[in-house]
Amino acid sequence: MSFGKNPHVAKAEAAEQKARDAKDDIAREQAYREAAHLWDRAADREKPGKYRTLYEANAVKNRELADGGGSPTDADPELDANPKVWN
């Protein structure tokens, strides 16, 4: 791990991939909730601004997906415009 990078971003992205690859609904829901938690942790490490807002929005999106409020393809295109955001 290099200095200055937010380690929770990569973990959250991995949890999202795990959710997309999940075979059953329970595993998918748990993975999306874990991703939301990790996005919250990533947001907590950022100063107020662009990245913090983006990470918080990703957390909300993952909670909605966990609750069955949409599918990954229904996600906001603005949030997915830059999926890998590093400091």
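Further up the page is the structure itself.
Residues numbered from 1 in each chain as written. Predicted model: local features only at pLDDT ≥ 70, side-chain atom pairs only at ≥ 80, totals over all residues. Heavy atoms only, no water.

Chemist: Before we go on, may I ask you to explain helix H2 (residues 25-44) in this structure?
Modeler: It helps to recall that an α-helix has 3.6 residues per turn; residues three or four apart then point in one direction. The first and last C-alpha atoms of H2 sit 29 Å apart over 20 residues, in line with the 28 Å expected at 1.5 Å per residue. The elements touched by buried residues of H2 are helix H1 (7-21) and helix H3 (50-66). Sitting at the head of H2, Asp-24 places a side-chain oxygen 3.2 Å from the backbone nitrogen of Ile-26. (Helix = DSSP H or I, 4+ residues; strand = E, 2+ residues; numbered from the N terminus. Expected span 1.5 Å × (residues − 1). Contact = heavy atoms within 4.5 Å. Polar contact = N/O pair within 3.5 Å; in protein donor to acceptor, adjacent residues only side chain to side chain.)

Chemist: Just checking my understanding: could you explain the packing of aromatic side chains for this structure?
Modeler: For any pair of aromatic rings, the description rests on two quantities: the centre-to-centre distance and the angle between the ring planes. In the structure shown here, the tally under the stated rule is 2 aromatic pairs. Judged by centre distance (5.4 Å) and plane angle (35°), the ring pair of Trp-39 and Tyr-55 falls under tilted. Within this pair, whereas Trp-39 is found in helix H2, its partner Tyr-55 is found in helix H3, the two being separated by 16 residues in sequence. (Phe/Tyr/Trp six-rings, centres within 6.5 Å; stacked < 30°, edge-to-face > 60°.)

Chemist: I keep staring at the packing of H2 against H3 and nothing clicks. Help me out?
Modeler: It is the contact of H2 with H3, at a shortest axis distance of 8 Å, that shows an interaxial angle of 165°. Relative to H3, the element H2 lies roughly antiparallel. The two elements H2 and H3 meet at a crossing, and its hand is left-handed. Residue-level inspection shows Glu-29, Tyr-32, Arg-33, Ala-35, Ala-36, His-37, Trp-39, Asp-40, Ala-42, Ala-43 and Asp-44 of H2 in contact with H3, the latter providing Arg-52, Tyr-55, Glu-56, Asn-58, Ala-59, Asn-62, Arg-63, Leu-65 and Ala-66. Grouping the constituent residues of the contact of H2 with H3 by class yields 10 nonpolar, 3 polar and 7 charged. (Axes fitted to C-alpha atoms, helices over the stretch in contact; angles between N-to-C directions. Parallel < 35°, antiparallel > 145°, perpendicular 65-115°, else oblique. Left-handed = near helix turned anticlockwise from the far one by under 90°. Nonpolar A, V, L, I, M, F, W, Y, C, P; charged D, E, K, R; others polar.)

Chemist: Just to check I follow, could you spell out H1 for this structure?
Modeler: Look at H1: 22 Å from first C-alpha to last across 15 residues, which is about the 21 Å you get at 1.5 Å a residue. Among all positions of H1, only Pro-7, His-8, Val-9, Ala-12, Glu-13, Ala-15, Glu-16 and Ala-19 are buried. For H1, the secondary structure elements touched by its buried residues are H2 and H3. Two or three places before His-8, at the start of H1, stands the capping residue Asn-6, its side-chain oxygen 3.2 Å from that residue's backbone nitrogen. (Buried < 20%, exposed > 50% of the residue type's maximum accessible area, 1.4 Å probe, protein only.)

Nothing here speaks to function; it is all geometry.
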